[in-house]
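# Examination of the molecular architecture
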Amino acid sequence: MSVDAIVEAARAAGKAGFDAAWLGQRTSWDALTSLAAVGREVPDIELGTSVVPTYPRHPLMLASQALTVQASSGNRLNLGLGVSHRYIIEDQFGYSFDRPARHLREYLSALAPLLRGERVSYQGETLKAVGAIDAPGATPPSLLIGTLGPAMLRIAGELADGTISIWAGPATLADYIVPTITRAAAEAGRPDPRVVAQSFVCVTSDEAGRRAEVGEQFGAAVDVPAYRAIFDREGAAGPQDTVIAGDETSVVRQIRRLADAGATELLAIPIGPAIEQARTTELLASLAVGRRT
């Protein structure tokens, strides 16, 4: 998608009644810079990243970027970030991926106060941050951690506002993710965390076909240790078994199971042919609007 197309997609989502439009950080446009453009053009919808990798951006730089998006959008950003994976951080960026939980704790210890406009003088084992970000009119964005491991879920509960999951179904949410992060937040004296469940969704008459497509496109996820652990917890052979698919009644039932398991929000990624994506978007928009009325 071009940047103009991203802006128009966000505009359409806002008009349809969705609460937020999210962008991933992959190998194309920079997510935060794109959301700064969206925020200037599209009012009345929250914006989110899912997720920005921490290693390539020093906390001072990421705080500056995030607060710029806040100021340009009227303070509508949900900042989703994560440590990513060894094959990306080491093989692509050339950074060490040693003890990623330590890295996340040190990173958030510097980033969170910077987002609040505070001056920091932080020295960890692997990270140093000294300074402050001057961003008039910008408030701290909601800080969400894309993570699935137990140590990092506990860190997210202590130092952030919640978590963003991927590939996690009702069993994993109810028995593992929600209790782990909620307990950590309570012990740190923080409010109940947000739990954003990210999932592929399709209203379709060819459920098997859509699952097969996801399995073919994203099957390599089973070789990523963090994802493999989630598939095992969920009793899933791979990403194809985590797709929310079926007719309208079935899709609504599956989404409600996520909510019953403790998800506070659904970050839905419509898939399938254009006609099925349109049908899926219409159903999701009706649920978003219905939840508020």
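Refer to the preceding data block for the structure.
So, here is what we can say about the structure in this document.

The rules behind these values
Residues numbered from 1 in each chain as written. Predicted model: local features only at pLDDT ≥ 70, side-chain atom pairs only at ≥ 80, totals over all residues. Heavy atoms only, no water. Helix = DSSP H or I, 4+ residues; strand = E, 2+ residues; numbered from the N terminus. Rg over C-alpha atoms; globule rule 2.2 N^0.38 Å. Buried < 20%, exposed > 50% of the residue type's maximum accessible area, 1.4 Å probe, protein only. Contact = heavy atoms within 4.5 Å. Areas by Shrake-Rupley, 256 points an atom, 1.4 Å probe, with all protein chains shown as cover. 1 Å grid on protein atoms, 1.4 Å probe; cavity = no way out; pocket = protein on both sides within 12 Å on 5 of 7 lines; lining within 4 Å. Points joined across faces, edges and corners; volume = space filled by probe spheres on them. Nonpolar A, V, L, I, M, F, W, Y, C, P; charged D, E, K, R; others polar. Axes fitted to C-alpha atoms, helices over the stretch in contact; angles between N-to-C directions. Left-handed = near helix turned anticlockwise from the far one by under 90°. Right-handed = clockwise from strand over helix to strand, strands pointing away. Pairing = 2+ DSSP bridges.

## Considerations on the overall build of the protein
Of regular secondary structure, the protein possesses 11 helices and 11 strands. Rg of the C-alpha trace for the protein: 19 Å, near the compact-globule value of 19 Å for 293 residues, within the 12% margin. Seen along its three principal axes, the alpha-carbon backbone of the protein occupies a region of about 55 × 40 × 40 Å. The burial tally for the protein puts 50% of its 293 residues in the buried class. Counting contacts in the protein only where the partners sit at least 6 residues apart, residues at least 24 apart contribute 71% of the total. For the protein, the exposed surface amounts to about 13,700 Å²; the carbon and sulfur share of it is 52%.

## Section: the layout of surface pockets
Computed from the structure, the second largest pocket encloses a volume of approximately 260 Å³. In terms of lining residues, the second largest pocket is bounded by 14 residues, among which Tyr-55, Tyr-95, His-103, Thr-126 and Leu-127 are the most central. When the residues that make up the lining of the second largest pocket are grouped by side-chain class, the tally is five nonpolar, five polar and four charged.

## So, the packing of helix H3 (residues 59-73) against helix H5 (residues 100-115)
For the pair H3 and H5, the least separation of the axes is 9 Å and the interaxial angle reads 35°. In terms of crossing hand, the pair formed by H3 and H5 is right-handed. In contact with Pro-59, Leu-60, Leu-62, Ala-63, Ala-66 and Leu-67 of H3, H5 contributes Tyr-107, Ala-110, Leu-111, Leu-114 and Leu-115. Classifying every residue of the contact of H3 with H5 gives 11 nonpolar, no polar and no charged.

## Focus: the pairing of strand S4 (residues 77-82)
Counting buried residues in S4 gives six out of six residues, a clear majority hidden from the surface. Regarding topology, H3 serves as the crossover connection from strand S3 (residues 52-53) to the parallel S4, and that connection is right-handed. With four bridges joining them, S4 and strand S7 (residues 142-146) adopt parallel strand pairing. Within S7, the residue paired with Asn-78 across the bridge is Ser-142.

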